[in-house]
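Architecture at a glance
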Amino acid sequence: FLKGAITKGELRLRLNDGTTLSFGDKSEVGGDDQPVTARIFDDWFFVKVATEYDLGLARSYMAGQFVVEPLEKREKYHWSLCPAGSRDETNDVIGDPIGLTRLFLLFVGNRDL
């Protein structure tokens, strides 16, 4: 599913064993040229995504099977997603809420290709 769903931009999946899987061509999507990195905690994530596609992705997030990691520098976020002076709401439980928005925008940017 992910290989076919992400052709533009870049989605990285960081696994528990340190392996990183990458999808997409690393081009800019919707004004965002930074990769979206998801840290996968549970291998059931792949089962959910393979069998339920985007609904499985949403269910995996709600079950805590993955979080989206923040970018290293806040300046790298697109200005419309992270205005100057806004507070950082990233935490260990939900990951990066702006990163989750970036993940959705990555899927939307690849939807009509």
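Scroll up to find the structure.
Residues numbered from 1 in each chain as written. Predicted model: local features only at pLDDT ≥ 70, side-chain atom pairs only at ≥ 80, totals over all residues. Heavy atoms only, no water.

Topic: the overall build of the protein
A count of helices and strands for the protein gives 3 helices and 4 strands. When the helices and strands of the protein are read in sequence order from the N terminus, they spell out α-β-β-β-α-β-α. Over its C-alpha atoms the protein spans a radius of gyration of 14 Å, differing by no more than 12% from the 13 Å that the globule rule assigns to 113 residues. Here the protein holds 113 residues, and 35% of them are scored as buried. The long-range share in the protein, meaning contacts at least 24 apart out of those at least 6 apart in sequence, stands at 57%. Working note: accessible area of the protein is about 7,100 Å², and carbon and sulfur atoms make up 53% of it. Averaging the positions of the 14 positive and the 18 negative side-chain charges in the protein gives two centres separated by 2 Å. (Helix = DSSP H or I, 4+ residues; strand = E, 2+ residues; numbered from the N terminus. Rg over C-alpha atoms; globule rule 2.2 N^0.38 Å. Buried < 20%, exposed > 50% of the residue type's maximum accessible area, 1.4 Å probe, protein only. Contact = heavy atoms within 4.5 Å. Areas by Shrake-Rupley, 256 points an atom, 1.4 Å probe, with all protein chains shown as cover. Lys, Arg positive; Asp, Glu negative; His and termini not counted. Charge placed at Lys NZ, Arg CZ, Asp CG, Glu CD.)

Re helix α2 (residues 44-62)
Every α-helical turn comprises 3.6 residues, leaving residues that sit three or four positions apart pointing alike. In this model α2 runs just 13 Å from its N-terminal to its C-terminal C-alpha over 19 residues, more than 12% under the 27 Å that 1.5 Å per residue would give. Buried within α2 are the following residues: Phe45, Val49, Gly56, Leu57, Ser60 and Tyr61. Against α1 (2-5), β1 (11-14), β3 (36-40), β4 (66-68) and α3 (97-111) lie the buried residues of α2. Gly64 sits one or two positions beyond α2 and adopts a positive phi of about 80 degrees. (Expected span 1.5 Å × (residues − 1).)

Overview of unusual backbone geometry
Even without a glycine there, the phi angle at Lys26 is positive, about 70 degrees. With respect to the helices and strands, the residue Lys26 is situated in the loop between β2 (20-23) and β3. Note on Lys26: relative accessible area 59%, which makes it exposed.

Some words on the packing of aromatic side chains
In this structure the tally under the stated criterion is 3 aromatic pairs. Ring centres of Phe45 and Phe46 lie 5.1 Å apart, and the angle between their planes is 85 degrees; this geometry places the pair in the edge-to-face category. Classification of Phe45 by relative accessible area gives buried; the value is 2%. Overall, Phe46 belongs to the partly exposed group, its relative accessible area being 30%. Aromatic ring contacts, followed pair by pair, group Phe45, Phe46, Tyr61 and Phe66 into a single cluster. (Phe/Tyr/Trp six-rings, centres within 6.5 Å; stacked < 30°, edge-to-face > 60°.)

Interpretation note: all reported values are geometric properties and have no functional meaning in isolation.
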